[in-house]
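This is what each chain is made of:
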Amino acid sequence: MTRVIDARGVAKDYPYGGEAVHALRGVDLGVDAGEWISIVGPSGCGKSSLLNLLAGIDAPSSGTVELLGRPLHALREAERSRLRLREVGFVFQRFHLLAVLTAQENVELPMSEAGIGRAERRGRARELLEFVGLGHRVKHRPPHLSGGEQQRVAIARALANRPRVLFADEPTGELDRRTGEEILALFQRVNAEGTTMVMVTHDPGVAARAERTVEMADGLVVRDSGAKGGS
Amino acid sequence: MIVGASLRALFRRRGRTSLALAGIAVSAALLLDMTMLASGLTASFGELLGSRGYALRATPKGILPFDSDATIRDADGVAARMAAVPGVTRVARVLGAQMWRMDARGAAEPLFTVGIDRTAQFLYTLTAGADPGAGEVLVSEPMARTDGLRVGDRVRLATGMDASLGRARDLRDYRVSGIGDFVYNYAGQRSLAMELGEVRRLTGRPNEASLMAVAGAPGVSDDSLARRITAAVPAVSTYSTRELMGEMDKRLLYFRQMATILGSIAVVVTALLVSTIVTIGVRERFGEIATLRAVGVARRRILAGIVAEGVALATIGCALGLPLGLWMAGRLDTILRAFPGLPARLSFFAWDAGRVSLAMGTVALIGALAGCIPGWGAVRSPLGQALREEAE
Ligand SMILES: Nc1ncnc2c1ncn2[C@@H]1O[C@H](COP(=O)(O)OP(=O)(O)OP(=O)(O)O)[C@@H](O)[C@H]1O
Ligand SMILES: [Mg+2]
């Protein structure tokens, strides 16, 4: 198995009013290619902080993260940015689509940034929107789509450049149970096609959909159902 | 795609963007007017000087044209020596004097009168009749109009007033030979032209001139001609149009300073407007921008989109401000030209394509810079933090 994520001794302090908030206090985590893990735990235990570090959005206060074999701390911001664009996908709790672009254009955007030609990215954007079940809504702009539909567009956007890892922070947090289920079903298909998935949630029901659950409390990993990885 | 999305976002916020554009248009118009004003008077003065083909002026040593009552002595000899300088084609002599016009009830009106050489004169263009000969006088257009004078009519003039008695001396009737449009007259000015010899005789200054004008052959540079004349005829000061414009420029320093200050204010206002609008837009799209960064869009690409908003605002504002500025310049010019004592032909505003494009380019650049500041802030903020703030 190829190691996709390798985090060792990761800590994160946030300066706050002269003191430091110890959000993460030494986390070791390994994720192999094709895995689907969910990170769970109570609010404030450091789930989002960890996800941001694993994805190269933020840098740890100490410890190291290797993503797809690349030591993130050794990369420059522009290199991390390129890695995120080409190898990584993101789905956020709030979907954060560009309001002025249509569903199709939102999906095309990361491909356009990656230098993919117009005809190719059009075709792929349509395919992806079909895949997430929005083939009939390609010309709609986000304000005219429901929350579940916007999240599907966001997933299509995250998949645009065929990422090897997909990160999702509370992807069903703003959706009702049924719509959430539909999103999770989509994730299952994405994972089945070989994409590694790292998902943060505080909902045990949602977490149960993943094959492996990492439980956190107070800045530490307290249980890991697939504890073959790690240190 | 990023730039297109940024611009679309800008124009989707229609009300706010239109208001900002109106503000930028007004300050661009002010900047344009100040740019045109800074050089306008001098440029227009230069045009007037050369308008009848005489590019040089010769005056009594060390004195600027009509700055004093001093005259050039032995004017005919000086004129002959000037005419002999290679490159000189014509020399025009002028002698200024004061005459009084007597009306039917015996009241006297003072009139500025120039004695001119009818074969070489640069002070008026004929609009009716002919140049004045012996016993004749040419009247300015406003005078002909208000007094109902026509070619062939007679006017009674006095060459002097007896101050103690309040009575005219040396009364004489002159025939109106023609009507002229005087280049340097102020709006509505009543004035006369007569034969040089006549004015000399009447004022008892047989061989003098207040001022001379020199025309050069085509292709001869004014400045070098002025130098050659100065060398050949050191008794007078000879100025090229350029030198006189420089002199005018010095005297108009006050005007240019005002134009510079108002123009700078316009630039600052534009910068504030653009950066306010872009800052608000960036604040509103903070989450979008953070997401784009998380997704891996390069910072400079996002920045380019934001800067494009600033440039678009500034250039569209400029495009709208241009016609507004030209219209305002026209109105202001009409007001300023009514200033007493200024030649009516003088214009305060001049269209100088180079300066105007420089000013408008400055505004576009200001727009780009004003977009840079909020844009830079948005793309430099710590990404993890930005995403978190947005989720709150
Ligand atoms: N920028 C910051 N400045 C100060 N403290 C921060 C900052 N970001 C996070 N924290 C703190 O770090 C801790 C972990 O935050 P984090 O967002 O990772 O938790 P979480 O598990 O994702 O919580 P939730 O389930 O509510 O999203 C919290 O106590 C939080 O208050
Ligand atoms: Mg969180």
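Predicted model, so just to flag it, every value in this text is computed and none were measured.

How would you sum up the overall build of chain B? Please name residues and give values.
Scanning chain B from N- to C-terminus turns up 12 helices and 12 strands. For chain B, the C-alpha radius of gyration of 31 Å lies well beyond 21 Å, the compact-globule estimate for 392 residues. If you line up chain B on its principal axes, its C-alpha atoms span 100 × 50 × 35 Å. Counting across all 392 residues of chain B, residues that qualify as buried make up 49%. Considering only contacts within chain B whose residues lie at least 6 apart along the sequence, 79% involve residues at least 24 apart. Measuring between centres, the 45 positive side-chain charges of chain B sit 6 Å from its 34 negative side-chain charges.

How would you summarise a nonpolar patch on the surface if you had to cite specific residues and measurements?
A surface patch of nonpolar side chains, about 250 Å² in accessible area, is lined by F11, I316 and L320 of chain B. Assessed through its relative accessible area of 37%, F11 of chain B is described here as partly exposed.

Outline the domain arrangement of chain B, listing residues and values.
Residue and element names in this part refer to chain B. Structurally, chain B comprises domain 1 (2–48 + 251–391) and domain 2 (56–239). Facing the seven residues of domain 1 at the interface are nine residues of domain 2. Summing both partners gives a buried area of about 680 Å² for domain 1 against domain 2, and 50% of it is carried by carbon and sulfur. When residues of domain 1 are sorted by the area they lose upon contact with domain 2, L48, R251 and R345 head the list and together hold 57% of the total. For the interface between domain 1 and domain 2, the tally reads one salt bridge. Taking the shortest distance from any N to any O, the salt bridge between D181 and R345 comes out at 2.9 Å.

Requested: an account of the side chain of R157 of chain A, with residues and values cited.
Take R157 of chain A: it is sitting in helix 5 (residues 147–159). Put simply, R157 of chain A is tucked away with no salt bridge, and the nearest opposite charge, on E288 of chain B, sits 8.1 Å away. At a separation of 3.0 Å, a polar atom in the side chain of R157 of chain A contacts the main-chain carbonyl oxygen of H96 of chain A. Excluding anything up to four places from it in sequence, R157 of chain A contacts F95, H96, L97, N106, V107 and P110 of chain A together with T291 and V295 of chain B.

I'd like a rundown of the packing of helix 5 of chain A against helix 6 (residues 177–192) of chain A, residues and numbers included.
Residue and element names in this part refer to chain A. The contact between helix 5 and helix 6 brings their axes to 10 Å, and the two run at 15°. In this view, helix 5 runs roughly parallel relative to helix 6, as classed from their interaxial angle. Relative to helix 6, the crossing made by helix 5 is right-handed. For the pair formed by helix 5 and helix 6, the contact residues are G148, Q151, R152, I155 and L159 on the first element and T179, E182, I183, L186, F187 and V190 on the second.

Explain the interface of chain B and chain A to me, using residue names and the numbers behind them.
Listed by partner, the interface residues are 25 residues for chain B and 28 residues for chain A. Summed over both sides, the interface between chain B and chain A buries roughly 2400 Å², with carbon and sulfur atoms accounting for 58% of that surface. Seen at the junction of chain B and chain A, the total is seven residue pairs in polar contact (both at pLDDT 80 or more). Those elements that provide at least two residues to the side of chain B that touches chain A are helix 1 (2–12), helix 9 (286–295), helix 10 (299–337) and helix 12 (383–391) of chain B.

Which residues make up the packing of helix 8 (residues 253–284) of chain B against helix 11 (residues 353–380) of chain B, and what values go with them?
Residues and elements named next belong to chain B. Here helix 8 crosses helix 11 at 35°, and the two axes come no closer than 8 Å. For the element pair helix 8 and helix 11, the recorded crossing hand is right-handed. From helix 8, V267, T270, A271, V274, S275, V278, T279 and V282 reach across to helix 11, where they touch V363, I366, G367, A370, G371, P374 and A378. In terms of residue class, the contact of helix 8 with helix 11 is built from 10 nonpolar, five polar and no charged.

Provide a residue-level description of the pattern of salt bridges, including the pertinent values.
A complete count under the given rule lists 41 salt bridges over all chains for this structure. A salt bridge links R76 of chain A to E79 of chain A; the nearest nitrogen and oxygen atoms lie 3.9 Å apart. Classification of E79 of chain A by relative accessible area gives partly exposed; the value is 25%. We note a salt bridge from D352 of chain B to R355 of chain B, for which the minimum N-O separation is 3.7 Å. Given a relative accessible area of 29%, D352 of chain B falls into the partly exposed group. One network of salt bridges, with partners in common, ties together D76, R93, D117 and R200 of chain B.

Account for the packing of aromatic side chains, naming residues and giving values.
Residues and elements named next belong to chain A. A complete count under the given rule lists five aromatic pairs over all chains for this structure. Centroid distance W36 to F187: 6.5 Å. Interplanar angle 85°. Geometry classified as edge-to-face. Of this pair, W36 sits in strand 3 (residues 36–40) while F187 sits in helix 6, placing them 151 residues apart in sequence. Of the two residues, W36 and F187, neither departs from the other in class, the shared state being buried.

Got a sec to walk through the sheet that holds strand 9 (residues 212–217) of chain A? Specific residues and values, please.
Residues and elements named next belong to chain A. Strand order in this open sheet of six strands is 6-7-8-3-9-10, and the pairing throughout is mixed. Two strands in the sheet have a free side with no partner beyond their single neighbour: strand 6 (88–91) and strand 10 (220–224). This sheet shows a mean twist of 20° between the axes of neighbouring strands, independent of strand direction. Pairing analysis gives four bridges linking strand 3 to strand 8 (residues 196–200), with the strands arranged parallel. By the bridge assignment for strand 8, I37 is matched with V198. Against the sheet, helix 1 (residues 47–54) touches strand 3, strand 7 (165–169), strand 8 and strand 9, its axis set at about 155° to strand 7.

I'd like to hear about the site of ligand 1, residue by residue, with values.
Around ligand 1 lies a shell of 14 residues, among which S43, K47, S48 and S49 of chain A together with R388 of chain B are the nearest. Lying at an intersection of chains, ligand 1 is approached by residues of chains A and B. A distance of 2.5 Å is found between an oxygen atom of ligand 1 and a side-chain nitrogen or oxygen belonging to S43 of chain A. Protein coverage of the free-state accessible area of ligand 1, which is 620 Å², stands at 75%. Breaking the shell around ligand 1 down by element, the ones donating at least two residues are strand 1 (3–16), strand 2 (19–32) and helix 1 of chain A together with helix 12 of chain B. If one sorts the elements of the shell around ligand 1 by residue count, helix 1 of chain A sits on top with three residues.

Please give an account of the sheet that holds strand 4 (residues 62–67) of chain A that cites residues and values.
Residue and element names in this part refer to chain A. Here four strands make up an open sheet; going across it, the order is 2-1-4-5 and the pairing antiparallel. Across the chains shown, the open sheet's two edge strands, defined by having one partner strand only, are strand 2 and strand 5 (70–71). The pairing of strand 4 with strand 5 spans two bridges and is classified as antiparallel. Its bridge partner lying in strand 5, L67 is registered against R70. Helix-sheet contacts for helix 1 involve strand 1, strand 2 and strand 4, and the interaxial angle to strand 2 is about 60°.

For the confidence of the model for chain B, give the residues involved together with the corresponding values.
Put simply, chain B has an average pLDDT of 88, and 98% of its residues get 70 or more. Under the prediction, the complex receives an ipTM of 0.89, its pTM being 0.77.

The rules behind each value
Residues numbered from 1 in each chain as written. Chains lettered and ligands numbered in written order. Predicted model: local features only at pLDDT ≥ 70, side-chain atom pairs only at ≥ 80, totals over all residues. Heavy atoms only, no water. Helix = DSSP H or I, 4+ residues; strand = E, 2+ residues; numbered from the N terminus. Rg over C-alpha atoms; globule rule 2.2 N^0.38 Å. Buried < 20%, exposed > 50% of the residue type's maximum accessible area, 1.4 Å probe, protein only. Contact = heavy atoms within 4.5 Å. Lys, Arg positive; Asp, Glu negative; His and termini not counted. Charge placed at Lys NZ, Arg CZ, Asp CG, Glu CD. Patch = residues over 30% accessible without salt bridge, like charges linked within 9 Å, V, L, I, M, F, W, Y side chains within 5 Å. Areas by Shrake-Rupley, 256 points an atom, 1.4 Å probe, with all protein chains shown as cover. Salt bridge = Lys/Arg side-chain N within 4 Å of Asp/Glu carboxyl O. Domains from an automatic or database assignment. Buried area = accessible area lost by both parts, 1.4 Å probe. Polar contact = N/O pair within 3.5 Å; in protein donor to acceptor, adjacent residues only side chain to side chain. Axes fitted to C-alpha atoms, helices over the stretch in contact; angles between N-to-C directions. Parallel < 35°, antiparallel > 145°, perpendicular 65-115°, else oblique. Left-handed = near helix turned anticlockwise from the far one by under 90°. Nonpolar A, V, L, I, M, F, W, Y, C, P; charged D, E, K, R; others polar. Phe/Tyr/Trp six-rings, centres within 6.5 Å; stacked < 30°, edge-to-face > 60°. Pairing = 2+ DSSP bridges. Near = heavy atom within 4 Å. pLDDT = per-residue confidence, 0-100.

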